[in-house]
Amino acid sequence: MLSKFLAAVAASMIATFAAAQSFPAKPLRFIVPYPPGGPLDTIARTLADKMKDGLGQPVIVENKPGAGGNIGADMVAKSPPDGYTMVMGAVATHAINPTLFPKMPYDAVKDFAPVSLVASVPNVLVMNPEAARNLGITSVNDLVTYAKANPGKLNYASGGNGSAGHLAGEMFKMMAKVSMLHIPYAGAAPAQLGLLTGQTELMFDNLASASQNIRTGKLKPLAVTTASRAAALPDLPTMTEAGAGRGLKGFDINTWFGVLVPANTPEAIVMRLNAEIHNALRAPDVRERLARLGAEPTPTTPGQFAALIQNDLKKYAAIVKASGAKVD
């Protein structure tokens, strides 16, 4: 019996090795768990177009939106672990949603094998310029001062309950000890429109979405929400810098995107995909495309990406629970 078991194990290992050696022998599916047109979708398509050259096979992007990204991510979690189905995961699908949703269709850690982080996009605190002028707010320090003197009078927009923008706002409220009213919209684009038209005063927006309106003066930036300044806006301070002495030291929230495959995908295949992602992110045209979106290439090892997911799961769980945010 033991010899038969060992023979079966050996045969399985040989088959796995052979599959890894011949990978890829057919086109790959790259699932984007959000609608077309957003920063994540654009970055995924840019990456897929470049990866096909190194892989020698088409990388076909498929948009599978719904349930805050959970539908597309779950599709990949339940796909065969052969490397032919990938997902462009995000901070929402793998760090925020597991606490935000009372019931998840997948386990963000156990059901996936991280391949590589791809890009990080800073969030930026922006105000409606007219509102900022009327309220005498020119800095984060002014904003905190006004909010403390006028609790509950400032409205901040977000793309929905539990979105990165919502949680950035809740983190700001907790750390600065101020009260602001959260106005959730059905998506980041409607939220930004509400800000532009004066329905709300401020927003913690994704830099990729806000950059054009910042450049044209339609939005007033106060700070980036990351630990380091953004390459796209090097003169704009971080929240820690801008909020010195106001309780905002260590403020760090960003939007990241990364590639994952189903758990138990052979390590050789994971490493092949990792190498192709790294090669693609080194290409000048890819880096230029990401820079136009305000995104910074952030290739990692699978282990580094896994550690980031574990760390952010803890960080966002604390923020979600403190904010009381829920999605039914």
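## Description of the overall build of the protein
Here is step 1 of the chain: When helices and strands are tallied, the protein shows 13 helices and 10 strands.
Here is step 2 of the chain: The C-alpha atoms of the protein give a radius of gyration of 21 Å, which matches the 20 Å a tight globule of 328 residues would have.
Here is step 3 of the chain: Here the C-alpha coordinates of the protein stretch approximately 80 × 40 × 30 Å along the principal axes.
Here is step 4 of the chain: Relative to its 328 residues, the protein shows a buried fraction of 52%.
Here is step 5 of the chain: Look at the contacts in the protein between residues 6 or more apart in sequence, and 79% of them connect residues 24 or more apart.
Here is step 6 of the chain: In the form shown here, the protein has an accessible surface area of approximately 14,300 Å², with 57% of it arising from carbon and sulfur atoms.

## What to know about the pairing of strand β2 (residues 59–63)
Here is step 1 of the chain: Judged by which residues are buried, β2 turns out to be one-sided: Val 59, Val 61 and Asn 63 face inward and are buried, whereas Ile 60 and Glu 62, on the alternate face, are not.
Here is step 2 of the chain: Bridging between strand β1 (residues 28–32) and β2 involves 5 bridges; their strand directions are parallel. Pairing of Phe 30 across the sheet is with Val 61, part of β2.
Here is step 3 of the chain: With helix α2 (residues 39–55) bridging β1 and its parallel neighbour β2, the resulting β-α-β unit is right-handed.

## Focus on the layout of surface pockets
Here is step 1 of the chain: Considering only enclosed or pocket space, the largest pocket measures out at about 1,000 Å³ in volume.
Here is step 2 of the chain: What lines the largest pocket is a set of 41 residues, and nearest its centre among them are Tyr 34, Gly 159, Ser 163, Gly 187 and Ala 188.
Here is step 3 of the chain: Taken together, the elements giving at least two residues each to the lining of the largest pocket come down to α2, α4 (91–100), α7 (164–176), α8 (188–196), β7 (202–206) and β9 (254–262).
Here is step 4 of the chain: Across the lining of the largest pocket, the residue classes break down as 21 nonpolar, 18 polar and 2 charged.

## A short note on the pairing of strand β6 (residues 181–184)
Here is step 1 of the chain: Bridge count between strand β5 (residues 155–158) and β6: 4 bridges; the pairing is parallel. Opposite Ser 158, over in β6, you have Pro 184 as the bridge partner.
Here is step 2 of the chain: Following the backbone out of β5, through α7 and into the adjacent parallel β6, one traces a crossover that is right-handed.

## Regarding the nonpolar core
Here is step 1 of the chain: Grouped together as the largest cluster of nonpolar side chains are 52 residues, with contacts concentrated most on Val 140, Leu 143, Phe 172, Leu 202, Phe 204, Met 239 and Leu 248.
Here is step 2 of the chain: In this view, Met 239 contacts Leu 125, Val 140, Phe 172, Phe 204, Ala 223, Val 224, Thr 225, Leu 248 and Phe 251; residues no more than four positions away in its chain are not counted.
Here is step 3 of the chain: Grouped together as the second largest cluster of nonpolar side chains are 51 residues, Leu 47, Tyr 84, Leu 236 and Val 259 included.

## What about the packing of α7 against helix α13 (residues 302–323)?
Here is step 1 of the chain: Between α7 and α13, the least distance of the axes is 10 Å, while the angle of their chain directions is 75 degrees. The angle between α7 and α13 places the two elements in the roughly perpendicular class. In this structure, α7 contributes Leu 167, Glu 170, Met 171 and Met 174 to the contact, and α13 contributes Tyr 316, Ile 319, Val 320, Ala 322 and Ser 323.

## Overview of the confidence of the model for the protein
Here is step 1 of the chain: Per-residue pLDDT for the protein averages 91, and the proportion of residues at 70 or more is 93%.
Here is step 2 of the chain: In the predicted structure, residues 5–17 sits below a pLDDT of 50 and forms 1 contact with residues beyond four places in sequence or in another chain.

## Here we look at the environment of Ile 277
Here is step 1 of the chain: Secondary-structure assignment places Ile 277 in helix α11 (residues 267–282).
Here is step 2 of the chain: What makes Ile 277 buried here is its relative accessible area of 0%.
Here is step 3 of the chain: C-alpha of Ile 277 to C-alpha of Ala 168: the two residues are 109 residues apart in sequence and 29 Å apart in space.
Here is step 4 of the chain: Once you skip the residues sitting within four places of it in the chain, Ile 277 turns out to touch Leu 47, Met 51, Val 115, Ser 116, Val 118 and Val 259.

## As for the packing of aromatic side chains
Here is step 1 of the chain: Under the definition given, this model contains 5 aromatic pairs.
Here is step 2 of the chain: Here Tyr 156 and Phe 204 contribute two aromatic rings whose centre-to-centre distance is 6.2 Å and whose plane-to-plane angle is 90 degrees, an arrangement assigned as edge-to-face. You can see Tyr 156 sitting in strand β5 and its partner Phe 204 sitting in strand β7, a full 48 residues away along the chain. Accessibility assignment for this pair places Tyr 156 and Phe 204 in one class, buried.
Here is step 3 of the chain: In this arrangement the basic side chain of Lys 26 is found over the ring face of Tyr 84, its NZ or CZ atom lying 4.8 Å from the centre.

## Quick look at the pattern of salt bridges
Here is step 1 of the chain: Considering all chains together, one arrives at 11 salt bridges under this definition.
Here is step 2 of the chain: Between Arg 292 and Glu 288 there is a salt bridge whose closest N-O contact spans 3.4 Å. Taken together, the residues Arg 292 and Glu 288, both in helix α12 (residues 284–292) and 4 residues apart, mark about one turn of the helix.
Here is step 3 of the chain: Residue classification places Arg 292 among the exposed residues on the basis of a relative accessible area of 52%.
Here is step 4 of the chain: A relative accessible area of 48% places Glu 288 in the partly exposed class.
Here is step 5 of the chain: Several salt bridges share partner residues, and in doing so they unite Asp 49, Lys 52 and Asp 53 into one network.

## Comments concerning the side chain of Asp 74
Here is step 1 of the chain: Looking at the secondary structure, you find Asp 74 in helix α3 (residues 70–77).
Here is step 2 of the chain: Asp 74 sits in the buried class, given a relative accessible area of 16%.
Here is step 3 of the chain: Setting aside residues no more than four positions away along its own chain, Asp 74 makes contact with Pro 105 and Tyr 106.

## Brief notes about the environment of Ala 208
Here is step 1 of the chain: Examined against the element boundaries, Ala 208 turns out to sit in helix α9 (residues 207–215).
Here is step 2 of the chain: Residue Ala 208 is classed as buried on the basis of its relative accessible area, which comes to 16%.
Here is step 3 of the chain: Sequence separation of Ala 208 and Leu 290 is 82 residues, and the distance between their C-alpha atoms is 9.2 Å.
Here is step 4 of the chain: Beyond its immediate sequence surroundings of up to four residues, Ala 208 is in contact with Pro 39, Val 121 and Leu 293.

Rules and cut-offs
Residues numbered from 1 in each chain as written. Predicted model: local features only at pLDDT ≥ 70, side-chain atom pairs only at ≥ 80, totals over all residues. Heavy atoms only, no water. Helix = DSSP H or I, 4+ residues; strand = E, 2+ residues; numbered from the N terminus. Rg over C-alpha atoms; globule rule 2.2 N^0.38 Å. Buried < 20%, exposed > 50% of the residue type's maximum accessible area, 1.4 Å probe, protein only. Contact = heavy atoms within 4.5 Å. Areas by Shrake-Rupley, 256 points an atom, 1.4 Å probe, with all protein chains shown as cover. Pairing = 2+ DSSP bridges. Right-handed = clockwise from strand over helix to strand, strands pointing away. 1 Å grid on protein atoms, 1.4 Å probe; cavity = no way out; pocket = protein on both sides within 12 Å on 5 of 7 lines; lining within 4 Å. Points joined across faces, edges and corners; volume = space filled by probe spheres on them. Nonpolar A, V, L, I, M, F, W, Y, C, P; charged D, E, K, R; others polar. Core = buried A, V, L, I, M, F, W, Y, C linked by side-chain atoms within 4.5 Å. Axes fitted to C-alpha atoms, helices over the stretch in contact; angles between N-to-C directions. Parallel < 35°, antiparallel > 145°, perpendicular 65-115°, else oblique. pLDDT = per-residue confidence, 0-100. Phe/Tyr/Trp six-rings, centres within 6.5 Å; stacked < 30°, edge-to-face > 60°. Lys NZ or Arg CZ within 6 Å of the ring centre and 35° of its normal. Salt bridge = Lys/Arg side-chain N within 4 Å of Asp/Glu carboxyl O.

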